[in-house]
Amino acid sequence: ADYNFKVLTDAGTTAINVDAGANAGKGEVGLGYTANPDGNNRAWLKIYPPALTTATDKSTSLVSIQPDYVLTMDGTVPVAATLQLEEPNLSGAPTLAATLYIKDAPHEGAAGAAANAAIWIAAGDIAMKGTSYLRLPIHDTDGTVEGSLWYDASEDKLKFKTAAGVETITSS
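Bear in mind that the values here come from a model prediction, so they are computed numbers and not experimental data. Along each chain, the written sequence defines residue order, and numbers are assigned to residues from 1. For this predicted model, a pLDDT threshold of at least 70 governs which residues receive local features, and a threshold of 80 or more governs which side-chain atom pairs are given and counted, while totals over whole chains, interfaces and linings are taken from all residues. Values reported for side chains reflect all heavy atoms of the structure, with hydrogen atoms and water molecules removed beforehand.

### Thoughts on the overall build of the chain
Our working definition: Secondary structure elements are defined from DSSP: runs of H or I of at least 4 residues count as helices, runs of E of at least 2 residues count as strands, and each element is numbered from the N terminus. Burial classes follow relative accessibility: with a 1.4 Å probe on protein chains only, a residue under 20% of its type's maximum area counts as buried, one over 50% as exposed, and anything between as partly exposed. Whether two residues touch is decided by their heavy atoms; if any such pair falls within 4.5 Å, the residues are in contact.
Scanning the chain from terminus to terminus reveals 1 helix and 8 strands. Along the chain, helices (α) and strands (β) appear in the sequence β-β-α-β-β-β-β-β-β when read from the amino end. Counting the 172 residues in the chain, one finds 10% classified as buried. The long-range fraction of contacts in the chain, counting pairs at least 24 apart against all pairs at least 6 apart in sequence, stands at 2%.

Pasting the structure below:
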């Protein structure tokens, strides 16, 4: 049976929407509501936050995961994390496939480009295992991409790739 339901806010807007018939009967859960800003984006969980105003000197985010409890491990556990993403189970050949895809980065930071990033690590190390690559485009002064600086974790080497080829960077 196709049962749908909504939880409304005091203002009458949708807070939670469950559409059992969406996605070819697989269903869809929506948090918040807007008139489908991206009709091409099919997802099981969609989040449409309302416009928010934040006071000066207060941080803000559209989604915040702040565990206020302790994860107690009884012995050794393989992974303990706030968020774990796994490879999507795909069928077909998408143009681009990713476990995490960041469509855009902000550009409104008060300090200009130095205050904007698609990912900002405020503390802690970044660990890359296996055959991971970290690619950083290197731009000329006119904005032309000259190549990419990348770390090849499978070889534990830093490399520079241009149209002419790949060079391994060594210390002198």
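From this point, the narrative continues.
### Remarks on the pairing of strand β4 (residues 45-48)
Cut-off, in case you're wondering: Two strands qualify as a pair provided that DSSP identifies no fewer than 2 bridges between them.
Here β4 shows a buried face lined by K46 and Y48 and an unburied face lined by L45 and I47. Where strand β3 (residues 28-32) lies against β4, 4 bridges are found, and the strand directions are parallel. Pairing of G30 across the sheet is with K46, part of β4.

### Structural notes on the sheet that holds strand β1 (residues 5-8)
Heads up, the condition is: For helices, the fitted line uses only the C-alpha atoms of the stretch in contact; every axis is such a line through C-alpha atoms, and the angle between N-to-C directions lies from 0 to 180 degrees.
Read from one edge of the open sheet, 4 strands run β1-β2-β3-β4, paired in mixed fashion. Every interior strand has two partners, whereas the edge strands, β1 and β4, have only one. Sheet twist, expressed as the average angle between the axes of neighbouring strands with direction ignored, equals 10 degrees.

### Some points on the environment of G32
Take G32: it is sitting in strand β3. The exposure class assigned to G32 is buried, which follows from its relative accessible area of 16%. Excluding residues within four positions of it along the chain, G32 makes contact with T14, A15 and Y48.

### A word on the environment of L83
Among the secondary structure elements, L83 is positioned in the loop between β4 and β5 (133-139). Judged by relative accessible area, which is 57%, L83 ranks as exposed. Sequence spacing of L83 and I65 is 18 residues, and the spatial spacing of their C-alpha atoms is 8.5 Å.

### Structural notes on the pairing of strand β2 (residues 14-19)
By the bridge criterion, 4 bridges tie β1 to β2 in an arrangement that is antiparallel. When the sheet's bridge partners are listed, K6 is paired in β2 with N17. Taking the residues between adjacent antiparallel strands as the criterion, β1 and β2 are bridged by 5 residues, where G12 takes a positive phi near 90 degrees. Here 4 bridges tie β2 to β3, and the two strands are oriented antiparallel to one another. Following the sheet pairing, D19 is matched in β3 by E28.

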